Structures are given as C-alpha cells and as structure tokens.
Amino acid sequence: MYAKKQNKGMKKATPAETDKRYLFLEHTADAKFRAFGKTLEEAFGNAAVAMFSIMLSPEKIKPVLRREITAIGNDESALLYNFLEELLFLLDTEGFALREVRKIKIGKIKTGMKTSFALKASVSGDYARMYETHGDVKAITYNDMIVRKEDNRYMVQVVVDL
Amino acid sequence: MSDGNKGNEERRYVHEDGMGIELERLGPNAWRIPRKDGMRVPAVIYASEKLIQKIKEDKTLIQAQNVTHLKGIQKSCYVMPDAHQGYGFPIGGVAAFDIDEGVISPGGVGYDINCSVRLLRTDLSFKDFNKKKTELIRVLFDNVPCGVGRGSRTKFSKDQITELLGGGAQWVVKQGFGKKEDCVKTEENGKMDADPNEVSQRAMQRGLDQVGTLGAGNHFLEIQKIGTVFENNAAKVFGIDDDEKITVMIHCGSRGLGHQVASDFIKLMEDEYGFKDLPDRELICAPVQSSLGQRYLKAMAAAANFGFANKQMITHHVRESFNKVFGETDISVMYDICHNIAKIEDHIIDGVKKKVCVHRKGATRSLGPGRKEVPEQYRDIGQPIIIPGSMGTASYVLAGTKTAEEVSFSSTAHGAGRVSSRSKALHNIRGEDVKRRLEAQGIEVKSASWKTIAEEAPEVYKDIDEVIRVSKELGIGIPIVRLLPIGVIKG
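Everything numeric here is computed off the predicted structure, so don't read it as measured data.

Rules used throughout
Residues numbered from 1 in each chain as written. Chains lettered and ligands numbered in written order. Predicted model: local features only at pLDDT ≥ 70, side-chain atom pairs only at ≥ 80, totals over all residues. Heavy atoms only, no water. Pairing = 2+ DSSP bridges. Helix = DSSP H or I, 4+ residues; strand = E, 2+ residues; numbered from the N terminus. Axes fitted to C-alpha atoms, helices over the stretch in contact; angles between N-to-C directions. Contact = heavy atoms within 4.5 Å. Salt bridge = Lys/Arg side-chain N within 4 Å of Asp/Glu carboxyl O. Phe/Tyr/Trp six-rings, centres within 6.5 Å; stacked < 30°, edge-to-face > 60°. Buried < 20%, exposed > 50% of the residue type's maximum accessible area, 1.4 Å probe, protein only. Lys NZ or Arg CZ within 6 Å of the ring centre and 35° of its normal. Parallel < 35°, antiparallel > 145°, perpendicular 65-115°, else oblique. Left-handed = near helix turned anticlockwise from the far one by under 90°. Nonpolar A, V, L, I, M, F, W, Y, C, P; charged D, E, K, R; others polar.

Backbone hydrogen bonds are what pair the strands of a sheet, in a parallel or an antiparallel way. All names here are of chain A. Pairing is antiparallel across the open sheet formed by 4 strands, whose spatial order is 1-2-7-6. The sheet is open, and its two edges are formed by strand 1 (22–25) and strand 6 (139–150), each paired on a single side. Across this sheet, the average inter-strand angle for adjacent strands is 20°, counted without regard to direction. For strand 2 (residues 31–37) and strand 7 (residues 153–161), the ladder comprises 7 bridges, and the chain directions are antiparallel. Across the sheet, Gly 37 pairs through a bridge with Tyr 154, a residue of strand 7. Helix 4 (residues 76–94) contacts strand 6 and strand 7 of the sheet and is inclined by roughly 130° relative to strand 6.

Going through the model one piece at a time under the given rule, you end up with 49 salt bridges over all chains. Three or more residues joined by partner-sharing salt bridges are found here, namely Glu85(A), Glu86(A), Arg202(B) and Lys267(B).

All names here are of chain A. Pairing in this open sheet of 3 strands is antiparallel, and the strands run 3-5-4 from one edge to the other. Strands with a single pairing partner mark the edges of an open sheet, and in this sheet they are strand 3 (65–73) and strand 4 (96–111). Averaged over all adjacent pairs, the angle separating strand axes in this sheet is 15°, with direction ignored. For strand 4 and strand 5 (residues 114–127), the ladder comprises 14 bridges, and the chain directions are antiparallel. Counted as the bridge partner of Lys 105 is Lys 120 from strand 5. Contacts from helix 3 (residues 40–53) reach strand 4 and strand 5, with the element oriented near 140° to strand 4. Contacting strand 3, strand 4 and strand 5, helix 4 crosses the sheet at an angle of about 145° to strand 3.

Summed over all chains, the structure comprises 15 aromatic pairs over all chains. Ring plane angle 55° and centroid distance 5.2 Å describe the contact between Tyr87(B) and Tyr111(B), whose orientation is recorded as tilted. Placement of Tyr87(B) in the loop between strand 5 (77–84) and strand 6 (91–98) and of Tyr111(B) in the loop between strand 7 (103–104) and strand 8 (116–125) is noted, with a sequence separation of 24 residues between them. Tyr111(B) matches Tyr87(B) in its accessibility class, with the two residues each being buried. Put simply, the rings of Tyr22(A), Phe24(A) and Phe33(A) touch in pairs and so form one group of aromatic residues. Directly above the ring of Tyr127(A) sits Arg129(A), whose terminal nitrogen or CZ lies 4.8 Å from the centroid. Between Lys446(B) and the ring centre of Phe141(B), over which it is positioned, the NZ or CZ distance is 4.8 Å.

Let us now look at the packing of helix 4 of chain A against helix 9 (residues 255–273) of chain B. Packing of helix 4 of chain A against helix 9 of chain B leaves a shortest axis separation of 11 Å and a crossing angle of 160°. The angle between the axes of helix 4 of chain A and helix 9 of chain B places the two elements in the roughly antiparallel class. Here helix 4 of chain A and helix 9 of chain B pass one another in a crossing that is left-handed. Contacts from Tyr81(A), Asn82(A), Glu85(A) and Asp92(A) of helix 4 of chain A reach helix 9 of chain B at Gly256(B), Gln260(B), Ser263(B) and Lys267(B). Per-class residue counts for the contact of helix 4 of chain A with helix 9 of chain B are 1 nonpolar, 4 polar and 3 charged.

Read these as geometric descriptors, not functional statements.
Take a look at the structure:
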C-alpha cells in the first residue's frame with residue numbers, strides 16, 4: 001500500500017526549479033524540500049545544504065573545519081537518510097555547521113546476494129555557535145522521500161521533522 | 001458533557017472533506033470518521049466548527065483514520081482540538097492499545113520524546129519584575145543555552161549521563177541542581193522506569209552536551225504574569241491565584257538524544273516487522289509484548305528521563321538568573337507535564353478495567369480528582385494541565401477531569417497548534433515587525449535570530465483561546481488560570 005501512495009504527486013519539476021540547487025515546498029509543521037544535481041552526488045550534496053539552511057545560513061559559514069563522512073544504505077533513499085542523519089550527528093556532538101559538501105562519492109557494494117549503497121563525503125564548515133542560528137531539525141524522515149533521475153538530472157525530496 | 005463518543009448521537013450531517021474522508025458531526029465540538037474498510041475502530045475529532053476547518057486543510061484526518069488500522073486499538077483514535085498533520089500519527093492524536101494484542105509505535109510518541117512543559121511560580125511581583133525586566137531577560141539568555149550547536153554549561157561524563165537516563169530529574173536534583181519538591185510536582189515524579197542500556201551509543205553521544213539546553217524552533221522560555229483566574233479555589237491550591245505574581249514557563253524536550261532513540265527504533269522495527277501491511281510507512285510499530293516493543297518502551301522512558309532532567313537543569317539556570325538580578329527569589333515548580341509520550345495505564349473499556357498502552361502525541365494527560373498519580377496537594381482538584389500558547393499569546397493552566405477519563409483516555413490539547421508553514425511565515429512576516437508589535441504589547445522577545453521570531457509569529461498558530469474553550473465545553477479540561485506573556489526567549 002505504501003509504494004502505491006508514494007508514486008502519487010511525483011510530477012516533474014518546472015524549468016524554474018531546475019536553476020536552483022534546492023527549493024522548499026509547503027508543509028504546515030515540518031519542512032519539505034527538493035534538491036537537484038547533474039549527478040546523484042550533487043543532488044545529495046545540495047540536500048545537505050538545504051537541510052542546514054533550515055537552521056542557519058550555510059553561505060555565511062566559513063569553511064574552516066573539514067570532516068569526513070561515510071554512510072551506507074540498502075537503497076538510495078536509505079543512503080540519503082543516513083547521510084543527512086550523519087550530518088545531524090556532527091551538529092549535535094561537535095556543533096558542526098555545514099558550509100558545503102566538497103567531495104562526495106556514491107558507489108555500490110555487494111555482499112553475497114545483497115547490493116547496498118555506500119557514500120563517502122568530505123564536508124567543510126565551522127562551529128555553529130559562532131553564527132546566528134534559527135529553527136531546529138530534529139530528525140530525517142522517510143515521509144514523501146523521493147530519489148529519482150529525471151531527464152538529464154537528479155532530484156531528491158526530503159521531509160525533516162522540526 | 002454535551003457531546004462525545006457515546007455512540008448514539010443524532011447525526012446532524014455527513015459530508016466528505018477534500019480527501020474523501022467521511023465526517024459525521026456528533027455535536028458542537030465532536031466529529032467522527034465512521035468505521036469502514038480496514039478501520040478497527042472509528043476516529044473521533046474534538047474540534048469546533050472553526051477548528052475543524054483548519055484541521056481539514058492538511059493530512060490530520062487521514063492520519064487519524066490510518067491510526068485506527070493498527071492492531072489492538074481500543075474504542076477510538078481521538079484527535080484533540082489543536083491537532084495538525086504529523087509524522088504517521090497526527091499531532092494531537094491519542095490512541096490506546098491492548099497491552100497483549102496491541103502495538104507500540106514510535107511515531108505515536110514523536111521524535112521529540114517527552115516534549116513537555118514545566119511551570120514555575122515565583123514570589124516576585126510584576127511591579128518589581130518590571131523594574132529589571134530587560135536585565136533579567138539578558139541574563140536568562142546568557143544562562144540558558146539555546147539555538148542549535150550550543151552546548152550545556154554543566155558538563156556530564158558518559159557514566160553520569162547513563163545515571164541520568166535512569167534517574168531523570170531526581171538524579172539531577174541529587175547532584176545539587178534543585179529541590180526534592182521539584183520532582184514531586186513533575187509527572188511520573190520526574191523519573192520513568194527506564195533501561196539506559198537500550199539507548200544507543202549514538203543517541204548517548206548526541207545528548208552528552210545537551211543537558212540544560214533549550215534547543216530551537218517552537219521551544220521557549222517565557223516569563224508570564226498571572227492574568228485571569230477562572231477558578232479561585234483550584235488556583236489557590238495550585239499556588240497561582242495571586243494575579244500580581246510572575247511565573248516562568250519552560251517548553252522543551254529530550255533534544256538530540258530523544259530524536260536519535262526514535263530514529264533508531266523506527267529503523268529496528270522496519271527491519272523486524274516491515275511496513276507493507278500498514279496504510280502508512282510512518283505507522284511502523286511492534287507488538288507491545290514483543291522484545292522490540294518492550295525495548296522501545298524502556299529506551300523511550302530513558303529519553304523521557306533525559307527530557308525531565310533537561311528541564312530540571314534549565315530550572316536551576318532560571319533560579320540562578322533570578323537570584324542574580326533580584327536577589328534571593330523563591331521559585332517552585334507548579335507542575336511539569338509530558339505531551340509526547342506512551343504509557344501503560346488502566347482505563348475502563350466497555351465497563352471493564354483494562355491495561356492499555358496510551359500514546360499521547362501532542363496531547364496532555366488529564367486526570368480527574370482523586371487519582372494517586374497526581375501530587376497529594378493537588379489531588380482533590382485534579383491534575384494540573386499546562387497548555388502553552390504561541391509566542392505573544394496567553395497560556396493556560398487547566399485541571400484534569402473525570403470526563404476525560406471517559407471520552408479521551410484522560411487527554412486534552414497541548415498547545416495552539418500550527419496553521420501555517422515556516423516557509424510561508426518567512427515569506428510573509430518580518431521578525432523585526434513581530435518583535436516591535438509584541439513590544440508595543442509589553443512583551444519583550446529575545447531570540448538567537450529574527451528568522452525564528454518570524455517563523456514563530458502568533459499568526460502561524462491556532463487561536464489558543466478557541467482550543468481552551470473547546471476543551472472546557474467538552475469537559476476534558478477545566479480552565480483555572482490564564483497566563484499572560486511578558487518576556488520570551490526563543491532558540
């Protein structure tokens with residue numbers, strides 16, 4: 001039943017949307033955004049910036065700290081979820097605020113019959129306490145999550161719990 | 001009690017909302033989605049005409065309907081007047097499940113486990129307070145860390161956090177940050193029966209530097225004065241009858257630790273049980289009696305203890321701040337209520353007393369007079385219920401009722417409830433304007449950012465007075481006192 005529901009409303013982005021790295025959609029209580037990229041990697045990276053834009057202004061964060069992130073997932077959605085959660089973990093444990101995802105590589109790993117996805121990323125940023133912050137992201141959710149290729153680009157959609 | 005879920009009400013009319021959900025009107029403030037298809041019980045929505053219109057605009061009704069599909073659900077899924085769309089369960093959703101046949105769902109508790117409200121009374125008068133208002137707000141803002149990425153002022157080791165997860169607010173008081181009496185006036189005495197070992201290392205790490213921090217978003221610290229007193233005797237018993245006195249309200253939860261516990265168990269339950277039989281992936285759940293169900297309850301309780309401990313530590317920082325600015329000030333806890341929690345409780349179902357697992361997600365417990373769970377001092381009146389308004393609007397203290405035990409598994413509303421998205425607010429509202437407007441009303445706002453002020457502007461929330469009126473008319477909470485904001489700190 002769930003899969004059927006998820007297919008609803010999967011309409012393609014308008015041309016105006018394609019110029020942006022990410023955009024926010026209407027959601028009463030939480031935050032819903034779409035991020036785009038020429039590659040899946042780029043779309044994931046833009047999703048990370050979109051998530052941090054809920055809490056601060058990523059473009060104002062100085063890229064003085066570097067962190068390496070790894071994540072794995074059974075499918076691309078799970079990979080996206082785990083990648084974003086890893087960034088929330090860095091924020092809560094070290095106060096790390098993201099400026100940008102500098103390098104990111106997504107690949108497949110085979111263990112026996114099972115194929116899963118793995119990600120390695122290098123991110124830059126600074127301590128959040130040095131900047132003006134607003135809002136809070138409590139958790140990533142699978143609610144309305146989309147990861148898909150459309151024409152010549154990738155689009156991901158995420159709802160985060162605020 | 002003019003309406004409710006009695007089963008034989010006159011059906012005034014039946015109509016369908018935009019999502020094709022059939023809605024029967026049961027009375028001025030009650031509606032029902034009748035049982036059909038996979039629904040095991042009906043869903044009952046407590047809302048006035050005005051509030052139901054807002055509720056229909058998002059996914060609240062379909063989410064309430066989906067909850068009724070879950071195994072072991074009893075009587076009805078109840079939806080409170082301040083409800084809005086949530087994750088799986090609607091915010092403002094109450095559901096009780098048979099503890100042998102039923103389920104426990106992390107989505108029915110929410111990511112912010114034990115998101116809760118504590119009300120402090122002070123012996124400080126409004127007149128004295130006003131002389132140093134700005135100074136106090138500045139000191140509070142410095143003393144209570146808020147916003148994202150700002151850590152605790154008192155650092156605890158991993159071993160200490162483990163003890164805190166078992167001992168809640170009581171443990172914090174034992175470390176010297178508060179009074180024994182603070183816990184007596186807290187739901188569950190500030191400590192639920194938890195197993196810290198069920199909290200993952202990852203969750204633990206996220207909480208390590210967050211004890212005594214407010215967080216951000218809709219969480220706040222508010223200075224108020226006692227406004228209207230509706231019930232003199234009850235207000236006197238609750239110690240909030242003097243309309244010249246200042247109160248302090250703390251609204252926050254279990255921070256990153258609680259969010260991670262929720263995420264961890266959602267994943268574990270998906271792996272173990274899958275979601276293909278559920279109407280919505282986010283209703284992922286486990287049988288209450290399963291190993292995973294029991295583990296979640298123990299982990300949830302540990303996260304709840306973190307939430308209690310967090311507010312206890314903030315209370316300590318509030319006392320420090322008042323003492324610094326005004327000299328020795330007497331500050332005591334009036335009460336502290338949970339509004340994101342699941343509990344095993346006894347309820348009368350079909351005339352028989354039964355143990356059920358009650359989920360309250362964005363709903364407050366409402367226990368009538370005589371209940372042993374209520375502090376002895378308040379027992380004749382009923383449990384105090386604290387319902388915060390939005391920034392700049394009134395908040396309320398209510399008393400729990402026997403009626404709530406009959407019609408809503410002892411629950412009522414938890415706040416004003418959002419009506420407008422944050423992005424829309426940012427687009428239409430300027431934080432500077434909101435601050436100026438509130439200041440003209442004598443309300444001083446201090447926040448880490450203008451954006452937060454815009455996102456949390458009063459107009460993005462439902463009318464709290466209407467929510468309280470409905471609660472009163474239904475008899476699921478009796479208004480005792482209305483509190484007026486005079487200073488607000490937002491993360």
